[in-house]
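Fold and contact review
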Amino acid sequence: MGNFKKLSIQFFIIVGFGLIPSLICQFFTKTPTNRYIHIRSFRYGKDPSVIICNRGDTLHLTFSTDDTGHSFFLEEFDIDAKVSPSREDVMVFKTSDPTAKPVHTSELVFIARHQGIQNFIVARSNYRCHIWCGPMHAFEQGKLVILPNSLLIFSLGCVAGILFFWLLGMFRKTEPVQRSDEDQNGYIDLFTGSGFLKKLVVNRWPQIILMIFAMVMIYIVILTSVLGTKVSGRNLGVLLMWAIWLFFLVAVLTPLFGRIWCTICPLPFIGDWIQRRSFFSPLTGKTKKYNNKFSGLFRKWPGWISNDWPRLFVFMLLATFSTTLVATPAISGITVLMLLLVPTIMSLIWELRTFCRYVCPVSVFVGPYSRMSMLSIRNKSQAVCDRCKPQYCLKGSSDGWACPYGINVGELKENSDCGLCLECVRSCKYNNVSLFKRPFATELGTRNISQAWLSTAIFTLAIVYCILYEGHWPIVRDYVNILDKGNWGLFGIYSLIVWIFALVIMPGLIYFFSYAGIKFSNLSESPVSIFLLSSGSMLPLGLMLWIAFVIPMLFVNVSFILQSISDPFGWGWDFLGTANTPWHQLFPGYIPIFQAIIILTGMYLSLRNLRKSWQAFRIKRKQEFLSLMPITVFIVGITITMLFFFTN
Ligand code: SF4
Ligand code: SF4
Ligand code: SF4
């Protein structure tokens, strides 16, 4: 049976696993009742932050505020109730038409029931605040859960379905596979055919134009962040960076094209020019072992920090202060400015793109997850590389610059270090470098301990960010609020927890489960080698958690993007006539559905890669089953926890 047909059948059976319980649960709905709930708003949260009711219940809501004006914004029910400290009643606006006359009432009554099919598939809605109440205003949210939660039950059924096929696969006869980062099965050379793509890549103009465009965008981000409104949800710089760029980087560019952002990234642009003194083909001459002439001190980065630790440290530092960055546009803008200045200054001292290789916080994300991407640079023939003495790709030639990331394409077996700068396509005189399309999530394992740690830390931070930005716990916001509440003590505790969790507990857990697998199965492999494989298997799930995290960042803020594009500094301009667009989220009721599907896909791919990694050991099935069981339980446990988080 063809692979596609087999996968399609699997897909429908897994969906069946989810559909059956979610249909059955429709027959167990409870009799609707009246629920009287008082909602207290405060900086920055709602109490209760979770409302659970049954489908058809009549909700009677009353409101109060502890401090300033707030609102209870629930788009799926067309409600925006403005709560004022000076009034007992609330003004209820329609989200579908904010200009319509509001209704004054002391009790807001509505029935917990959605229209049409949504009544059966949407269980969770988020209520938010639509009155700016301070720098952490965007974090003020709670959730309304209407039971039965068909989506959660469907998702748990799908988890069972995926596990069923996974176990079935374990006991089916399969050929041992080679580690797919060592072969190129399924790779399709994109330069074959008309040759148009190759011409586009070799020509420097398209890349330079895109880099200049990205540079202009980055200046807009810096200017509008620093000089524009301090309301981060209306600040163009903040929205461009944290809603649009982050979404496309995480959910589109990296999964599909790997480090394609690095191809046009403006951060090393000026530094490259300082070293090369040319935007185009290399100048003749030699610098050290390279066949190109470079300027600057061109020192080597110290050996003891030539690994993943420095950039992991920078990333962790920025991640710790991320809420402050998002909530304070000026700090966001200054950080971006620093990200522009530091690589430029470093290029004067250290060789090539040292910043990209060892310091860049963006590479902490794009590096590991580019290994899952569908695009890669590889050689066409290993035999040609093996015979190649000049190593033009590494050292440069008259046609292309030396690899800014210090890579010899003949030894390139994985995506994480290759910044897709395309120079090797130009510099290789044997025409032996090409762009390849390949299946999604093919690279297995991790290369060494620092890469494993990096992958684990970035996986952990996806979970931390979800809790921080999309969780309904106001206490978490208190722990990170160093802005208007100045909770430095709590912030210290939060930072410690995040660092220990990301750098000690999570890697420790993965190591422990890998070790447990070895003990259960008497596998004669070292725990470290199993740990490296297990960490690599977490990459698909980690990437999907990141995608699930960024979806609301964009979908919730689309209207604000339209507003701020028309009034970039928040100074009352209205270029495009969209400055007063009312707030509408994109598919608010469907966001949990997208998130659930994405996380289930991540679990499926992680389990598949886990098993593929082990197949190379050629061990008996029972032994394979026992060795994989602990880490599988871990992956499934995290999936189920995050499904509860996003859908319930
Ligand atoms: S590594 Fe960082 S600075 Fe370098 S090109 Fe990629 S994103 Fe830009
Ligand atoms: S990619 Fe080209 S330049 Fe690099 S080692 Fe292979 S043949 Fe030589
Ligand atoms: S020169 Fe080639 S191998 Fe080196 S970073 Fe650029 S694309 Fe990757």
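Keep in mind that what you see is a predicted model, and the values were worked out from it rather than measured.

Some words on the overall build of the chain
- Helix and strand content of the chain: 24 helices and 14 strands.
- For 648 residues, the compact-globule estimate of 2.2 N^0.38 gives 26 Å, and the C-alpha radius of gyration of the chain, at 26 Å, lies within 12% of that figure.
- Summarising its shape, the C-alpha atoms of the chain cover approximately 80 × 65 × 50 Å along the three principal directions.
- For the chain, long-range pairs separated by at least 24 residues make up 76% of all intrachain contacts whose partners lie at least 6 apart in sequence.

Considering the site of ligand 2
- Taken together, 14 residues sit near ligand 2, with C385, C388, C393, V409 and C428 positioned nearest.
- For the shell around ligand 2, the secondary structure elements donating two or more residues are α14 (382-387) and α15 (392-395).
- A per-class count over the shell around ligand 2 returns 9 nonpolar, 5 polar and no charged.

Let's talk about the nonpolar core
- Counting 142 residues, the largest nonpolar core has V409, L545, I547, V550, I599 and M603 as the members making the most contacts within it.
- If one sorts the elements of this core by residue count, helix α21 (residues 539-555) sits on top with 13 residues.
- Counting residues in each nonpolar core, the second largest holds 15 residues, with L61, F73, V83 and L108 among its members.

Let's talk about unusual backbone geometry
- Looking along the chain, the bond that leaves R43 and enters Y44 is cis, with omega of 0°.
- Mapped onto the secondary structure, Y44 falls in the loop between β1 (34-42) and β2 (45-47).
- Positive phi, normally seen in glycine, also occurs at D78, with a value near 60°.
- Its place among the elements puts D78 in the loop between β5 (70-74) and β6 (79-83).
- The class for D78 is partly exposed, based on 13 C-beta atoms found within 10 Å.

Examining the sheet that holds strand β12 (residues 188-189)
- Strand order in this open sheet of 3 strands is β12-β14-β13, and the pairing throughout is antiparallel. Edge strands, defined here as strands with exactly one partner in the open sheet, are β12 and β13 (375-379).
- Here β12 runs beside strand β14 (residues 433-437); their pairing, made up of 2 bridges, is antiparallel. From the neighbouring strand, D189 faces β14, where its bridge partner is F436.

So, the domain arrangement of the chain
- The domain architecture assigned to the chain consists of domain 1 (34-148), domain 2 (203-283 + 303-437) and domain 3 (444-647).
- Each side of the interface is counted separately: domain 1 has 22 residues, and domain 3 has 17 residues.
- Those elements that place two or more of their residues in the side of domain 1 that touches domain 3 are α2 (118-121), β10 (124-128) and β11 (141-147).
- Per element, the largest residue contribution to the side of domain 1 that touches domain 3 is 3 residues, and it comes from β11.
- A class-by-class count of the residues in the side of domain 1 that touches domain 3 yields 9 nonpolar, 9 polar and 4 charged.

Examining the site of ligand 3
- Around ligand 3, the surrounding shell holds 14 residues, and the nearest of these are C403, C418, C421, E423 and C424.
- Among the residues forming the shell around ligand 3, the class breakdown is 12 nonpolar, 1 polar and 1 charged.

Some words on the environment of K30
- Positionally, K30 belongs in the loop between α1 (3-24) and β1.
- Residues K30 and Q595, 565 residues apart in the sequence, show an inter-C-alpha distance of 27 Å.

Looking at the pairing of β5
- Across the 5 residues of β5, 5 count as buried, placing the element largely inside the fold.
- Of the two faces of β5, the one holding H70, F72 and L74 and the one holding S71 and F73 are both buried throughout.
- Here β5 pairs with β6 via 5 bridges, running antiparallel. Along β6, the bridge assignment pairs L74 with I79.
- Hairpin connection of β5 to β6: 4 residues between the antiparallel strands, including D78 at a positive phi of 60°.

Quick word on the packing of helix α5 (residues 205-227) against helix α11 (residues 329-349)
- Contact geometry for α5 and α11: axes closest at 7 Å, N-to-C directions at 145°. You can see that α5 and α11 cross each other, and the crossing is left-handed. Taking contact as the criterion, the partners of I218, V221, I222, S225 and V226 in α5 are, on α11, P329, A330, S332, G333, I334, V336, L337 and L340.

Some details on α5
- Here α5 is 23 residues long and its end C-alpha atoms lie 32 Å apart, about the 33 Å a rise of 1.5 Å per residue gives.
- Of all the positions in α5, only M211, I218, V221, I222, T224 and S225 are classed as buried.
- Looking at the packing, one finds that the buried side of α5 touches α6 (236-257), α7 (260-264), α8 (269-276) and α11.

Regarding the sheet that holds strand β4 (residues 58-65)
- Spatial strand order, β2-β1-β4-β9: 4 strands in an open sheet with mixed pairing. The two strands at the open ends of the sheet, each matched to only one other strand, are β2 and β9 (108-111). Between one strand axis and the next, the sheet turns by 30° as a mean value, whatever way the strands run.
- As paired elements, β1 and β2 share 3 bridges and run antiparallel to each other. Residue S41 lies in a different strand from β2, and its bridge partner there is K46.

Description of the packing of α21 against helix α23 (residues 591-615)
- Orientation of α21 relative to α23, taken along the N-to-C sense of each, is 165°, at an axis distance of 7 Å. Comparing the axis directions of α21 and α23 gives the class roughly antiparallel. In this structure, α21 crosses over α23, and the sense of that crossing is right-handed. Seen from α21, the contacting residues are P540, L541, L543, M544, L545, I547, A548, I551, P552 and F555; seen from α23, they are I591, F594, Q595, I598, I599, T601, G602, M603, L605, S606 and N609.
- Partitioning the contact of α21 with α23 into residue classes produces 16 nonpolar, 5 polar and no charged.

The rules we used
Residue positions within a chain follow its written sequence, with the count starting from 1. Throughout, the order in which chains and ligands are written sets their labels, letters from A for the former and numbers from 1 for the latter. In keeping with the predicted nature of the model, local features appear solely for residues at pLDDT of at least 70, side-chain atom pairs appear and are counted solely at 80 or more, and the whole-chain, interface and lining totals rest on all residues. For helices the rule is a DSSP run of H or I covering at least 4 residues; for strands it is a run of E covering at least 2, with both sets numbered from the N terminus onward. In this description the radius of gyration comes from C-alpha coordinates, and the expected globular size is given by 2.2 Å times residues to the power 0.38. Residues are defined as contacting one another if the C-beta atoms placed from their backbone atoms lie within 7 Å. Using a C-beta atom placed from the backbone, a residue is scored as near a molecule or strand whenever that atom is within 6 Å of it. Each residue is assigned to one class: nonpolar for Ala, Val, Leu, Ile, Met, Phe, Trp, Tyr, Cys and Pro, charged for Asp, Glu, Lys and Arg, and polar for all the others, Gly among them. Put simply, a nonpolar core is buried Ala, Val, Leu, Ile, Met, Phe, Trp, Tyr and Cys residues tied into one set by C-beta atoms within 7 Å. In this scheme every C-beta is placed from the backbone, and a residue whose C-beta has 20 or more other C-beta atoms within 10 Å is buried, one with 12 or fewer is exposed, and one in between is partly exposed. Two strands are counted as paired when DSSP detects at least two bridges linking them. Domain extents, as shown, originate in an automatic or database domain assignment. Angular values range over 0 to 180 degrees, each being the angle between N-to-C directions of two axes fitted as lines to C-alpha atoms, with helices fitted over their stretch in contact. Left-handed describes a crossing whose near helix is turned anticlockwise from the far helix by less than a right angle; the clockwise case is right-handed. Here the expected length of a helix is defined as 1.5 Å per residue gap, with one fewer gap than residues. Any angle from 65 to 115 degrees is called roughly perpendicular, while one under 35 is roughly parallel, one over 145 is roughly antiparallel, and all others are oblique.

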